[in-house]
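Residues per chain are reported as follows:
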Amino acid sequence: AMERSHEDLSRLSSSNEQMRAGWRRHSVLVVDMSGSMRNDDVNGARCRSDGVWVALARDYVKNQLQNGLRSTTDLVSIIVMKEEAEVVMCCEPTTWVLYNKLIDMREWSKIRPSGPGNYLPAIDK
């Protein structure tokens with residue numbers, strides 16, 4: 001039920017003018033997924049990319065939800081930066097489903113760090 005509610009909010013928030021009026025915030029995060037993010041120099045993480053996704057899930061979603069600082073009216077979009085930029089999440093409401101999606105991003109089957117980090121295409125997105 002929570003995932004369905006999250007998906008409904010996500011779909012509506014990106015397409016419905018009335019829903020957009022209810023937004024409190026929309027954060028757009030650019031995450032480096034260049035080849036250097038494979039390095040294993042982050043304490044407590046497999047590699048840099050693992051550390052980024054865990055930190056976003058824990059600090060940007062979990063702690064904020066638990067402290068009442070974010071809610072479903074706070075939206076998050078994420079652009080990953082590699083050779084090209086890719087929007088991997090668009091107008092996601094801040095919920096526990098978003099937390100789980102961020103944790104899932106740790107798996108390289110979703111997005112594998114590779115290539116050079118090219119910031120300009122990510123900024124253009």
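Thresholds, definitions, all that
Note on numbering: residues in each chain are counted from 1, in written sequence order. With the structure being a predicted model, the display of local features is reserved for residues of pLDDT at least 70 and the display and counting of side-chain atom pairs for 80 or more, all residues being used for whole-chain, interface and lining totals. Think of the side-chain values as coming from all heavy atoms in the structure, minus any hydrogens and water. Buried means the residue's accessible area, taken with a 1.4 Å probe over protein chains only, is under 20% of the maximum for its type, while exposed means over 50%, and partly exposed covers the values in between. The way it works is that DSSP assigns letters per residue, a run of H or I at least four long becomes a helix, a run of E at least two long becomes a strand, and they are numbered from the N terminus. Any two strands between which DSSP finds at least two bridges are classified as paired. Throughout, right-handed denotes a crossover for which the path from the first strand over the helix to the second runs clockwise when the strands point away from the viewer. The salt bridge definition used is simple: a Lys or Arg side-chain nitrogen within 4 Å of an Asp or Glu carboxyl oxygen. As a per-residue measure, pLDDT tells how confident the predictor is, with possible values from 0 to 100. Contacts were defined at the residue level, with two residues in contact if any of their heavy atoms lie within 4.5 Å. Polar contacts, as counted here, are pairs of nitrogen or oxygen atoms within 3.5 Å of one another; within protein the pair requires one atom able to donate a hydrogen and one able to accept it, and residues that are adjacent in sequence qualify only if both atoms are side-chain atoms. Note on aromatic pairs: the rings of Phe, Tyr and Trp (six-membered ring only in Trp) are paired at centre separations within 6.5 Å, and the planes decide the class, stacked below 30 degrees, edge-to-face beyond 60, tilted for the rest. All axes here are fitted lines through C-alpha atoms, helices being fitted over the stretch that makes contact, and every angle between N-to-C directions spans 0 to 180 degrees.

Attention now moves to the pairing of strand S2 (residues 74-81). Among the eight residues of S2, eight are classified as buried, and the element is accordingly described as predominantly covered. As judged from the eight bridges shared by strand S1 (residues 25-32) and S2, these two strands associate in the parallel manner. Within the sheet, the bridge partner assigned to Arg25 lies in S2 and is Asp74. In the classification by handedness, the crossover that spans S1, the intervening helix H3 (residues 48-66) and the parallel S2 is right-handed. Hairpin connection of S2 to strand S3 (residues 85-93): three residues between the antiparallel strands.

Okay, the pattern of salt bridges next. This model, assessed by the stated rule, comprises seven salt bridges. One salt bridge in this structure joins Asp41 and Arg48, with 2.7 Å as the shortest N-O distance. With a relative accessible area of 48%, Asp41 lands in the partly exposed category. Salt-bridge contacts for Asp59 lead to Arg58; the nearest nitrogen and oxygen are separated by 2.9 Å. Overall, Asp59 belongs to the partly exposed group, its relative accessible area being 34%.

Right, let's talk about the confidence of the model for the protein chain for a bit. When pLDDT is averaged along the protein chain, the result is 81; 77% of the residues meet or exceed 70. Taken element by element, the protein chain is modelled with least confidence in helix H1 (residues 2-15), mean pLDDT 52, and with most confidence in helix H4 (residues 96-104), mean pLDDT 95.

Turning our attention to the environment of Arg106. By the secondary structure assignment, Arg106 is in the loop between H4 and helix H5 (119-124). The spacing of Arg106 and Gly51 is 55 residues in sequence and 8.3 Å in space, taken between C-alpha atoms. Residues within four places of Arg106 in sequence aside, it is in contact with Arg46, Asp50, Trp53 and Val54. There is a polar contact of 2.4 Å between the side chain of Arg106 and the side chain of Asp50.

Tallying each qualifying case throughout the model produces one aromatic pair. Both rings, one in Trp96 and one in Tyr99, keep their centres 5.6 Å apart while their planes meet at 70°; by these two values the pair is edge-to-face. Linking Trp96 with Tyr99, this pair stays in helix H4, spanning three residues, or about one helical turn. Its relative accessible area of 32% is what places Trp96 among the partly exposed residues.

The next subject is the sheet that holds S2. The three strands lie next to each other as S1-S2-S3, forming an open sheet whose pairing is mixed. The sheet is open, and its two edges are formed by S1 and S3, each paired on a single side. Strand-to-strand twist across the sheet, computed as the mean angle between neighbouring axes with direction ignored, equals 15°. Pairing of S2 with S3, which is carried by six bridges, proceeds in the antiparallel orientation. Residue pairing for S3: Ile78 is matched across the bridge by Met89. Together, S1 and S2 form the strand contacts of H3, whose direction differs from that of S1 by roughly 160°. Each of S2 and S3 touches H4; the most contacted strand, S3, lies at about 160° to it.

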